[in-house]
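Here is how the chains run, residue by residue.
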Amino acid sequence: MVTKLRVRGMGCDGCVDIVSGALSEASGAGDVDVDLASGEATVEGDVDSDELVGKVERAGYEAEVAGSEPVSDDDDEE
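These numbers come from a predicted model, not from an experiment.

Calculation notes
Residues numbered from 1 in each chain as written. Predicted model: local features only at pLDDT ≥ 70, side-chain atom pairs only at ≥ 80, totals over all residues. Heavy atoms only, no water. Salt bridge = Lys/Arg side-chain N within 4 Å of Asp/Glu carboxyl O. Helix = DSSP H or I, 4+ residues; strand = E, 2+ residues; numbered from the N terminus.

A. Main features of the pattern of salt bridges. Overall, the coordinates contain three salt bridges when judged by the stated rule. Across the pair Glu64 and Arg6 runs a salt bridge whose closest N-O atoms are separated by 3.2 Å. Here the residue Glu64 occupies a position in strand S4 (residues 62-69), and Arg6 occupies one in strand S1 (residues 2-8), the gap between them amounting to 58 residues. Note that Arg8 and Glu62 form a salt bridge whose closest N and O atoms lie 3.4 Å from each other. Of the two residues, Arg8 is situated in strand S1 and Glu62 in strand S4; the sequence distance between them amounts to 54 residues. A single salt-bridge network, built from bridges that share partners, covers Arg6, Arg8, Glu62 and Glu64.

Below you can see the structure in the form of structure tokens.
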């Protein structure tokens, strides 16, 4: 599963590091990607979206879920 978040309040690479670290601590989180320019974060793994939002907010930023979708796996193609 890939969960996408909109994150507001980031202004520098240090902010990206803080948000990335907070999201990485969520239960079930795998790869985390935070993009400063777009203000979007992507988290792979079986994670609770409310937990992700809470982690970002406790780190001092605003967040909302922008969507989620299953991870496509080349091994599952027929």
